[in-house]
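So the chains spell out like this:
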Amino acid sequence: MTSTNRFDETLRALRVWDTALPSFDPDTAPADPLTLFHEWFLAVAAAGQAEPHTMTLATVDADGRPDVRTVMLHGADERGWHFASHATSAKGRQLAAVPDAALHFYWPVQGRQVRLRGRVSSGTPEEAYADLHARSTGALAAALVGRQSEVLGSVGELAAASEAAWTRAGAEPDADAETWTAYALDADEAEFFQGDARRRHVRLRYRRAAEPGRGWERELLWP
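The text that follows walks through the structure, step by step, so that each part is easy to find. For clarity, every value in this text was computed on a predicted model and none was experimentally measured.

Details of the layout of surface pockets
Of the volumes computed, that of the largest pocket is approximately 560 Å³. For the largest pocket, the lining is made up of 25 residues, of which H86, A142, V145, G146 and Q148 are closest to its centre. Looking at the lining of the largest pocket residue by residue, the classes come out as twelve nonpolar, seven polar and six charged.

With respect to the nonpolar core
Counting 29 residues, the largest nonpolar core has F37, W81, F105 and L116 as the members making the most contacts within it. When residues of this core are traced back to their parent elements, those giving at least two are α2 (33–46), β1 (54–60), β4 (80–86), β5 (100–107), β6 (112–122), β7 (180–194) and β8 (202–208). Setting aside residues up to four positions removed in sequence, W81 forms contacts with L34, F37, L73, G75, A76, L103, F105, L116, Y183, A184, L185 and A187.

Description of the pattern of salt bridges
Taken as a whole, this structure holds 14 salt bridges when the rule is applied. A salt bridge links E191 to R115; its shortest N-O distance comes to 2.7 Å. Taken together, the residues E191 in strand β7 and R115 in strand β6 connect sequence positions 76 residues apart. With its nearest N and O atoms 2.9 Å apart, the salt bridge here joins E219 to R207. Of this pair, E219 sits in strand β9 (residues 216–221) while R207 sits in strand β8, placing them twelve residues apart in sequence. It is possible to trace a salt-bridge network through shared partners that takes in R115, E191 and R203.

Description of unusual backbone geometry
Backbone geometry places R147, a non-glycine residue, at a positive phi of 60°. Relative to the helices and strands, R147 is located in the loop between α5 (137–145) and α6 (155–171). At S149, a residue that is not glycine, the phi angle is positive and equals roughly 80°. Mapped onto the elements, S149 comes out in the loop between α5 and α6.

Observations regarding the packing of aromatic side chains
Any pair of aromatic rings gets described here by the distance separating the centres and the angle formed by the planes. Here the structure, examined in full by the defined rule, presents twelve aromatic pairs. When the ring of W40 is compared with that of F192, the centres are 5.3 Å apart and the planes differ by 90°; the resulting orientation is edge-to-face. A residue pair is termed long-range when its members are at least 10 positions apart, and W40 in helix α2 and F192 in strand β7 qualify at 152 residues. Each member of the pair W40 and F192 is classed as buried. Cation over ring: R112 sits above W40, and NZ or CZ is 4.0 Å from the ring centre.

Side note on empty space enclosed by the protein
Going through the model one piece at a time under the given rule, you end up with one cavity of 30 Å³ or more. Within this model, the largest cavity holds a volume of roughly 40 Å³. Around the largest cavity sit R115, L116, R117, E189, E191 and R205, which together line it. Considering each element in turn, the lining of the largest cavity owes the most residues, three residues, to β6. Of the residues contributing to the lining of the largest cavity, the split by class is one nonpolar, no polar and five charged.

Looking at a nonpolar patch on the surface
A cluster of nonpolar side chains, contributed by F7, L11 and L14, occupies part of the molecular surface with about 330 Å² of accessible area. The topology assignment puts L14 in the loop between α1 (3–13) and α2.

Thresholds applied
Residues numbered from 1 in each chain as written. Predicted model: local features only at pLDDT ≥ 70, side-chain atom pairs only at ≥ 80, totals over all residues. Heavy atoms only, no water. 1 Å grid on protein atoms, 1.4 Å probe; cavity = no way out; pocket = protein on both sides within 12 Å on 5 of 7 lines; lining within 4 Å. Points joined across faces, edges and corners; volume = space filled by probe spheres on them. Nonpolar A, V, L, I, M, F, W, Y, C, P; charged D, E, K, R; others polar. Core = buried A, V, L, I, M, F, W, Y, C linked by side-chain atoms within 4.5 Å. Buried < 20%, exposed > 50% of the residue type's maximum accessible area, 1.4 Å probe, protein only. Helix = DSSP H or I, 4+ residues; strand = E, 2+ residues; numbered from the N terminus. Contact = heavy atoms within 4.5 Å. Salt bridge = Lys/Arg side-chain N within 4 Å of Asp/Glu carboxyl O. Phe/Tyr/Trp six-rings, centres within 6.5 Å; stacked < 30°, edge-to-face > 60°. Lys NZ or Arg CZ within 6 Å of the ring centre and 35° of its normal. Patch = residues over 30% accessible without salt bridge, like charges linked within 9 Å, V, L, I, M, F, W, Y side chains within 5 Å. Areas by Shrake-Rupley, 256 points an atom, 1.4 Å probe, with all protein chains shown as cover.

Structure representation (structure tokens):
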């Protein structure tokens, strides 16, 4: 059997949501997406979802081509959904040119997804510094290595730079990575997807009202 045949056979044998799924009544959903996001996040974390704070970030490059990667959620509040990276990375450069972006969370333990679209803004240097030093020594060392998304000459080159960064992070826990930047996506659209074993998925979309101060409009979508 070829690797392609094994791949196809394995792919077709996989099952989705091989567990009991929670119900979701959109009529009882809160008036704003942030509150519902907090509720769902706490629920999937309690249900044992691995790394529920990982999310997909989609941006566009200078040619308008989409780009995507997985990043960590650093917070979610009235200012938006927070993450951080180097301003000189590919995503940092893309967000500087086109600040519109999308986030996606997938929590298979409960068959839930959350999709967010909006504009990304960067925080202050003080916020970036606080974010960097609220994390582990390893995170600081990785930030000190820098050069994210640049072409790497060899694995050995990375190992040497990483070792030097770990040494510095241990000796200088207050060290700063100047290009480290805190970002927040201020959503104007949020969709909450509850999977159903019979494919009667519930999709609730929030859209910010066009008139300022009117809050959020809600609507259901066909699955």
